[in-house]
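Inside the fold
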Amino acid sequence: MLTHPSQLTAWKARILEESPVPKKTVVVSNGTCGRASGSLAIIEAFGQELERRDLRETVGLEVTGCHGFCELEPNIVIYPEGIYYGRLKPEDVPMVIEKTILKNKVVDPLVYADPKTGRRYALQKDIPFYRKQMRLLTEDNLRIDPNRIDDYVLADGYQALAKALFDMTAEEVIREIDAAGLRGRGGAGFPTGKKWEFCRNESADRRYIICNADEGNPGTYMDRSILAANPHSVIEGMIIGAYAIGAAEGYIYVRMEAPQAVRQVTIARDQARKFGLLGKSILGSEFHFDIQIVEGAGAFVCGEETSLMSSIEGRRAVSRQRPPFPAQSGLWGFPTNINNVETWANVPLIIKRGAEWYSQIGTSKSKGTKIFSLVGKIRHAGQVEVPMGIKLREIIYDIGGGIKDGKKFKAVQTGGPAGGFLPAEFLDLAMDYDNVVQAGSTMGSGGMIVLDETTCMVDLARHYMHFTQEESCGKCVPCRVGTRQMHDILVRITRGEGEEEDLARLEDLGDSIRVASLCGLGQSAPNPVLSTLRHFREEYVEHIKHKKCGARVCKELISLPGQEARPTDRKAKKLKHD
Amino acid sequence: MTGVEMDDLLREFGRDQKHLTQILHKVQAEYGYIPPQAIRWIARHVNTTENEVYGVLTFYNAFRLRPGGKHLVTVCQGTSCHVRGGARIFDEMKKELGVEPGETTSDRMFTLETVNCFGCCAIGPTVVINGTYFSQVSVEDVHSIIAEYRKRK
């Protein structure tokens, strides 16, 4: 139990004294992707082999969360050199110990080779995937076993909290976050300092803060990775935020589809309680704050803040009109501040290193780094953390290694079901909140799905519409009925039953749904359709007029060899709402 | 399911509606589904109506009112899996099991479900069976994976 901030430093010194850093440490990436690719067998193999050779005392074996390079899971890094081996198999383990651990030699066949150039990179930091990143939030993932609070303390964890509680007033903390230029990482990009100030300035005898970890956008997984790999960074950010806002209770709403995140953040929360970092008189100060963890129940709409609050209250997660905004009337009618996981994780960093340092990273209006999930038809799929303002081309080609299987780049989808598409003409776009919106998409929470020539844009628009119409909470008509109508039209088009007027119908419906829906889910639901209509209209026309799917995805429109394509004069079914 | 069992199960939760979804998670973990008779106990515990409990549990995808099969097969329908051929995997799984999502095979061996994203997008298409992740699943894999579980009985 810590009762004074100086005990944090003493704790760190004690850890270093009691367990000095071993000469060699093997770090195994054991996130969700790692486990799915066999990391548990690697850990077991290292455990057994180190035991057999009586090396358990001298060689460290550290199990961590996600390292980011998901494509090459299971992977390990050997310190102090930082030697990286990807796609490891249990049978490789004895050789790694024999050569790298005992003889300091690199096992050449296990070294990463750039598929484009063939060049080999033995060290993790040299690999092109990592070299262009700026891993302010994710670098510690390589050093932290999420089960051990000691590892977080060793990485100077909770020092920012001590600084905020004892050297800064609540107003100073808010000013620091504001001066840093931190904007909400959930997608809207609202200035975090301003949001905190609004909530603090509401007069009330109770205030709440919430961490939105209901990361629902398909193809997006940085939030659950942060929670699973470095949960204390989020908890520390929340305690600092609660102090600044004046909240005594916080909630982490985490989606059930991320069981590892739920587990790790619960373990971390319990540890923080045990050591007096949560609860009464935190670090001996006069500040009290505690966190409850609420597991979601599989409803996408809960990512929308008003629905999320309904869900925490134990009700159906239907959204409601804003204003009043949560800062005025949120959980149970009290002022509430909601931020996304990545936003909270940035807070300790800013307090520790200062707004001046932080605000030098990024562009004039978007500061700091952003984590993207780089997935789809990309060679090096994974999680990448880059400074705001980096060019899309650098992310896709320099870090991501370009398109898989020698195919051609078609577009990248950003912002999930609320976002849009950036075709090749935007490759030199500097990625920040405002530029992406200007280009007709949204940054969203950081999903980046790369598409190549084998992706049918009409089918993909249908996929998104299917998603939003299923996930609509059903409260307001434009969203509930409108998304269904758009979906049905898209289904017809992908079946070769589309009419020329359908494109105007889609645009018309899309505009109405955008304007008339109650919450963000409905207001943004037509975006993928409208965006594909803008950039890839010819594909729609091809489906409707020529009954052809160029990408050969739409089953009904593909003619098998030796078969005629389906007749083009097929009568289209009448629209239901006509 | 008995009243005594329910009382035992509900004891750890507060009497406020904010505990409702967590209670439903717990009941489903215990029985594999929400037994319809349990609704009355739950409603009484959190001081609300049976209607309200029913409304909440049917709103969320997580809860089932009918028992599932022995193995829960969940196919990812996320966008990243979709562009990597996830739709074909899903079609194949439906054919292989002979059921639609939400349904259980007649021998009660498999329940098929879908999910909007598991968050291991870099290694899709993904299928999860009873919490075990299968990555980069191909159409052929669908048959061999299910055959493996059929053998286990």
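Residues numbered from 1 in each chain as written. Chains lettered and ligands numbered in written order. Predicted model: local features only at pLDDT ≥ 70, side-chain atom pairs only at ≥ 80, totals over all residues. Heavy atoms only, no water.

Details of the interface of chain B and chain A
- Counting from both sides, the interface comprises 34 residues of chain B and, opposite them, 54 residues of chain A.
- Across the chain B to chain A interface the summed buried area is about 3,300 Å²; carbon plus sulfur atoms make up 56%.
- For the pair chain B and chain A, the interface holds two salt bridges.
- Between chain B and chain A we count 20 residue pairs in polar contact (both at pLDDT 80 or more) in total.
- Elements that contribute at least two residues to the side of chain B that touches chain A include exactly helix H2 (20-31), helix H4 (50-59) and helix H5 (79-83) of chain B. (Contact = heavy atoms within 4.5 Å. Buried area = accessible area lost by both parts, 1.4 Å probe. Salt bridge = Lys/Arg side-chain N within 4 Å of Asp/Glu carboxyl O. Polar contact = N/O pair within 3.5 Å; in protein donor to acceptor, adjacent residues only side chain to side chain. Helix = DSSP H or I, 4+ residues; strand = E, 2+ residues; numbered from the N terminus.)

A few points about a nonpolar patch on the surface
- Taken together, the side chains of Leu16, Val21 and Leu154 of chain A make up a nonpolar region of the molecular surface, amounting to roughly 260 Å² of accessible area.
- When you line up the elements, Leu16 of chain A lands in helix H1 (residues 6-18). (Patch = residues over 30% accessible without salt bridge, like charges linked within 9 Å, V, L, I, M, F, W, Y side chains within 5 Å. Areas by Shrake-Rupley, 256 points an atom, 1.4 Å probe, with all protein chains shown as cover.)

Side note on the domain arrangement of chain A
Residues and elements named next belong to chain A.
- One can read the domain layout of chain A as domain 1 (20-129), domain 2 (149-358), domain 3 (369-452) and domain 4 (457-571).
- Every contact between the two is made by ten residues of domain 1 and, on the other side, twelve residues of domain 3.
- Across the domain 1/domain 3 interface, buried area totals approximately 880 Å², and carbon plus sulfur atoms make up 53% of it.
- The largest contributions to the domain 1 side of the interface with domain 3 come from Glu71, Lys116 and Phe129, which together make up 57% of the buried area.
- Across the contact surface, domain 1 and domain 3 share one salt bridge.
- The partner of Glu71 in a salt bridge is Lys404, with the nearest N and O atoms 3.2 Å apart.
- At the boundary of domain 1 with domain 3, the tally comes to five residue pairs in polar contact (both at pLDDT 80 or more). (Domains from an automatic or database assignment.)

Topic: the pairing of strand S15 (residues 447-452) of chain A
Residue and element names in this part refer to chain A.
- Buried residues dominate S15, accounting for six of its six residues.
- Of the two faces of S15, both are covered, the one formed by Gly447, Ile449 and Leu451 as well as the one formed by Met448, Val450 and Asp452.
- Relative to S15, strand S11 (residues 369-376) runs parallel, the two sharing four bridges. If you follow Leu374 over to S15, its bridge partner there is Met448.
- Pairing analysis gives five bridges linking strand S13 (residues 409-414) to S15, with the strands arranged antiparallel. If you follow Val412 over to S15, its bridge partner there is Val450. (Buried < 20%, exposed > 50% of the residue type's maximum accessible area, 1.4 Å probe, protein only. Pairing = 2+ DSSP bridges.)

What about the pairing of strand S1 (residues 24-29) of chain A?
Residue and element names in this part refer to chain A.
- Burial within S1 is extensive, with six of its six residues counted as buried.
- A two-sided burial pattern is seen for S1, the buried positions comprising Lys24, Val26 and Val28 on one face and Thr25, Val27 and Ser29 on the other.
- Note: S1 against strand S2 (residues 59-64), six bridges, orientation parallel. Following the sheet pairing, Thr25 is matched in S2 by Gly60.
- Two elements, S1 and strand S3 (residues 76-79), share four bridges in a ladder whose sense is antiparallel. Residue pairing in the sheet places Val27 in a bridge with Val77 of S3.

Here's the deal with the nonpolar core
Residues and elements named next belong to chain A.
- Ranked by size, the top nonpolar core spans 67 residues in total, and within it Tyr158 and Val173 carry the most contacts.
- Element by element, the count of residues in this core is highest for helix H11 (residues 231-245), at nine residues.
- Residue contacts for Tyr158: discarding those within four places in its chain leaves Leu8, Ile149, Tyr152, His232, Ile235, Glu236, Ile239, Ala272 and Leu277. (Core = buried A, V, L, I, M, F, W, Y, C linked by side-chain atoms within 4.5 Å.)

Looking at the environment of Asp92 of chain A
Residue and element names in this part refer to chain A.
- Mapped onto the elements, Asp92 comes out in the loop between strand S4 (83-85) and helix H4 (93-103).
- Separated by 15 residues in the primary sequence, Asp92 and Val107 place their C-alpha atoms 9.6 Å from one another.
- Setting aside anything within four residues of it in sequence, one finds Asp92 in contact with Arg87 and Leu110.

As for the packing of aromatic side chains
- The full count for this structure, using the stated rule, is 23 aromatic pairs over all chains.
- A ring pair is formed by Phe69 of chain A and Tyr130 of chain A, whose centres lie 6.1 Å apart and whose planes are at 80°; its orientation type is edge-to-face. Residue Phe69 of chain A is found in the loop between S2 and S3, and its partner Tyr130 of chain A is found in helix H5 (residues 128-131); the two are separated by 61 residues along the sequence.
- Given the relative accessible area of 0%, Phe69 of chain A is considered buried.
- Given the relative accessible area of 5%, Tyr130 of chain A is considered buried.
- Through a chain of ring-to-ring contacts, three or more aromatic side chains come together here, namely Phe69, Tyr84, Tyr112, Tyr121, Phe129 and Tyr130 of chain A.
- Lying across the ring of Phe372 of chain A, Lys370 of chain A places its NZ or CZ 5.8 Å from the centre.
- Directly above the ring of Tyr149 of chain B sits Arg152 of chain B, whose terminal nitrogen or CZ lies 4.2 Å from the centroid. (Phe/Tyr/Trp six-rings, centres within 6.5 Å; stacked < 30°, edge-to-face > 60°. Lys NZ or Arg CZ within 6 Å of the ring centre and 35° of its normal.)

What about the side chain of Thr363 of chain A?
All names here are of chain A.
- With respect to the secondary-structure elements, Thr363 resides in the loop between helix H15 (355-358) and S11.
- Engagement of the side chain of Thr363 in a polar contact is seen with the side chain of Asp432, the distance being 2.7 Å.
- Once you skip the residues sitting within four places of it in the chain, Thr363 turns out to touch Met388, Gly389 and Asp432.

Some details on the pattern of salt bridges
Residue and element names in this part refer to chain B.
- Within this structure, the stated rule accounts for 46 salt bridges over all chains.
- The residue Asp8 makes a salt bridge to Arg11 at a minimum N-O spacing of 3.1 Å.
- The class for Asp8 is partly exposed, based on a relative accessible area of 46%.
- Under the relative-accessibility criterion, Arg11 is labelled exposed at 60%.

Some details on unusual backbone geometry
- Here the residue pair Arg322 of chain A and Pro323 of chain A is connected by a cis peptide bond, since its omega of -5° sits within 30 degrees of zero.
- Put simply, Gly124 of chain B and Pro125 of chain B share a cis peptide bond, and its omega is -5°.
- Summarising the element assignment, Pro125 of chain B is placed in the loop between strand S2 (110-115) and strand S3 (127-129).
- Positive phi outside glycine occurs at Tyr158 of chain A, with the angle close to 65°.
- With phi around 55°, Asn47 of chain B is a residue other than glycine that occupies positive phi space.
- Among the secondary structure elements, Asn47 of chain B is positioned in the loop between helix H3 (38-45) and H4.
- By relative accessible area, Asn47 of chain B is classed as exposed at 58%.

Focus on the sheet that holds strand S14 (residues 420-423) of chain A
Residues and elements named next belong to chain A.
- Spatially, five strands are ordered S12-S11-S15-S13-S14 in an open sheet, and the strand pairing comes out mixed. Because the sheet does not close on itself, it has two edges, and the strands there are strand S12 (382-387) and S14. With direction set aside, neighbouring strand axes in the sheet form an average angle of 30°. (Axes fitted to C-alpha atoms, helices over the stretch in contact; angles between N-to-C directions.)

Description of the sheet that holds S3 of chain B
All names here are of chain B.
- Reading across from one edge, S2-S1-S3-S4 is the order of the four strands in this open sheet, with mixed pairing throughout. Of all the strands in the sheet, just S2 and strand S4 (132-134) have a single pairing partner and so form its edges. Averaged over all neighbouring strand pairs, the angle between strand axes comes to 20°, with direction disregarded.
- Against the sheet, helix H6 (residues 86-97) makes contact with strand S1 (71-76), S2 and S3, and its axis sits at roughly 165° relative to S2, the strand it touches most.

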